[in-house]
Amino acid sequence: MAAERERGISFNICQKIGVIATYQTGWKKEVNLVEWNDGPAKFDIRDWDPSHTHMGKGITLYREEADRLRWILYRYFTGKGAEKDPEEIQESGVAEEVTVEEAAEKVAETEEVNAEELDTAAEMPDFPAPDELPDAPAPEEVEEALRPSEESF
């Protein structure tokens, strides 16, 4: 869908990704991939009228910026993630050089492993209550059991 406005701004909505909100006026806050002025497609978040001929102010993000926003929102909403975010890991030079996407995948893999460990722990049998455990042997019995016998020489 290509359109031009009076101000000479051209746009083409390449892909409609999703609707964030719908207002009583019929306008919608949408996430789309949009080519602006014949440039490369960018992620675009803004209000659109029903015919997509008028728009409100919005924000455009390159792929890397959208990935960064996704990472920030994931950490905000889940409280999960590394002490450092992927960009900080990448900039620190301490870790091997990786892209933001690779660092985010590594964190996600770690979280999956932790989730698997939790699932495994949940499958383990219950331990007996302390009062159900057998009495421990007296210290003398332990010493005697550990003392080498004459047959072992």
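Calculation criteria
Residues numbered from 1 in each chain as written. Predicted model: local features only at pLDDT ≥ 70, side-chain atom pairs only at ≥ 80, totals over all residues. Heavy atoms only, no water. Phe/Tyr/Trp six-rings, centres within 6.5 Å; stacked < 30°, edge-to-face > 60°. Pairing = 2+ DSSP bridges. Helix = DSSP H or I, 4+ residues; strand = E, 2+ residues; numbered from the N terminus. Expected span 1.5 Å × (residues − 1). Buried < 20%, exposed > 50% of the residue type's maximum accessible area, 1.4 Å probe, protein only. Arc of directions from axis to C-beta.

Peer 1: Help me out: how do you make sense of the packing of aromatic side chains in this one?
Peer 2: How two aromatic rings sit relative to each other is given by the distance of their centres and the angle of their planes. Enumeration according to the criterion identifies 4 aromatic pairs in this entry. Of the aromatic side chains, those joined through ring pairs into one cluster are Phe-11, Trp-36 and Trp-48.

Peer 1: Where do I start with the pairing of strand β3 (residues 28-36) in this structure?
Peer 2: Each regular strand shows side chains that alternate between the opposite faces of the sheet. Taken together, the 9 bridges between strand β2 (residues 10-22) and β3 define a ladder with antiparallel strand orientation. The residue of β3 that forms the bridge with Phe-11 is Trp-36. Connecting β2 to the next strand, β3, in antiparallel fashion are 5 residues, including Gly-26 with a positive phi near 100°. In this sheet, strand β4 (residues 41-48) lies alongside β3 in antiparallel orientation, the contact comprising 8 bridges. Residue pairing across strands places Lys-28 opposite Trp-48, the latter belonging to β4. Counting the residues that bridge the hairpin from β3 to β4 gives 4 residues, and of these Asn-37 lies at a positive phi of roughly 50°.

Peer 1: Please explain helix α1 (residues 63-78) as it appears in this structure.
Peer 2: Since one α-helical turn is 3.6 residues long, residues separated by three or four positions face the same way. Between its first and last C-alpha atoms α1 spans 22 Å; for 16 residues at 1.5 Å apiece the expected length is 22 Å, and the two agree. Within α1 the residues assigned to the buried category are Ala-66, Asp-67 and Trp-71. All buried residues of α1 fall inside an arc of 140° around its axis, so they share one side. Exposed residues pointing more than 90 degrees away from the buried face of α1 are listed as Tyr-76 and Phe-77. Gly-79 occupies a position one or two residues after α1 and carries a positive phi of about 70°.

Peer 1: Explain the pairing of strand β5 (residues 55-61) to me, please; I cannot follow it from the model alone.
Peer 2: Across 5 bridges, the pairing between β4 and β5 is antiparallel. Bridged to Trp-48 within β5 is Met-55. Linkage of β4 to β5, two consecutive antiparallel strands, is achieved through a turn of 6 residues, within which His-52 is found at a positive phi near 60°.

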